[in-house]
Amino acid sequence: MGYQLEFNSLLKLNRKELDKKKLRKGLKFKVEKSGERLFPLHKPIEFCDEDYFYLGKLKVNKLTLEKNKTTLEVQVLKVFTQVESKIFSKAYIREGDF
């Protein structure tokens, strides 16, 4: 009997999960992801939009696993400047790029 669990160190958000115009340091919000996933708790990780455009760093304060669903409570630690976003986004290696 197996159990599928995905380990993530990047949080990808869609337009419904985050309004980029309201993005600011200290912002707290909840995110629901399909599947059962693990993220580092209380450690800075990057977050990006659907197109893998990096937006900044956040930390996961709480993670709840349910059948086929993961709920995260997160807090924004840093919002990247446009220059920082371009540097992080350009440096990201997508599957198939190598």
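Quick note: structure is the one above.
Rules behind the numbers
Residues numbered from 1 in each chain as written. Predicted model: local features only at pLDDT ≥ 70, side-chain atom pairs only at ≥ 80, totals over all residues. Heavy atoms only, no water. Buried < 20%, exposed > 50% of the residue type's maximum accessible area, 1.4 Å probe, protein only. Helix = DSSP H or I, 4+ residues; strand = E, 2+ residues; numbered from the N terminus. Pairing = 2+ DSSP bridges. Axes fitted to C-alpha atoms, helices over the stretch in contact; angles between N-to-C directions.

A.B. asks: How do you make sense of the pairing of strand β3 (residues 28–34) when you look at a structure like this?
C.D. replies: Residues in a regular strand point their side chains to alternate faces of the sheet. Only one face of β3 is covered, namely the one carrying F29, V31 and K33; the face carrying K28, K30, E32 and S34 has none of its residues buried. As paired strands, β3 and strand β7 (residues 69–79) are joined by seven bridges and run antiparallel to one another. Bridge pairing links K33 to T70 in β7.

A.B. asks: Sorry if this is basic, but what is going on with the sheet that holds strand β2 (residues 10–12) here?
C.D. replies: In a beta sheet, neighbouring strands pair by backbone hydrogen bonds and run either parallel or antiparallel. In space, the five strands of this open sheet follow the order β2-β5-β6-β7-β3, with mixed pairing throughout. The open sheet is flanked by β2 and β3, the only strands paired with a single partner. Between one strand axis and the next, the sheet turns by 40° as a mean value, whatever way the strands run. Examined bridge by bridge, strand β6 (residues 54–66) and β7 share ten bridges and lie antiparallel to one another.

A.B. asks: Please explain the pairing of β6 as it appears in this structure.
C.D. replies: Pairing between strand β5 (residues 45–48) and β6: four bridges, direction antiparallel. Residue pairing for β6: F47 is matched across the bridge by G56. The turn joining β5 and β6, which pair antiparallel and follow one another in sequence, is formed by five residues; a positive phi near 60° is taken by Y52. Between the end of β6 and the start of β7, which pair antiparallel, lie two residues, with N68 showing a positive phi angle near 60°.

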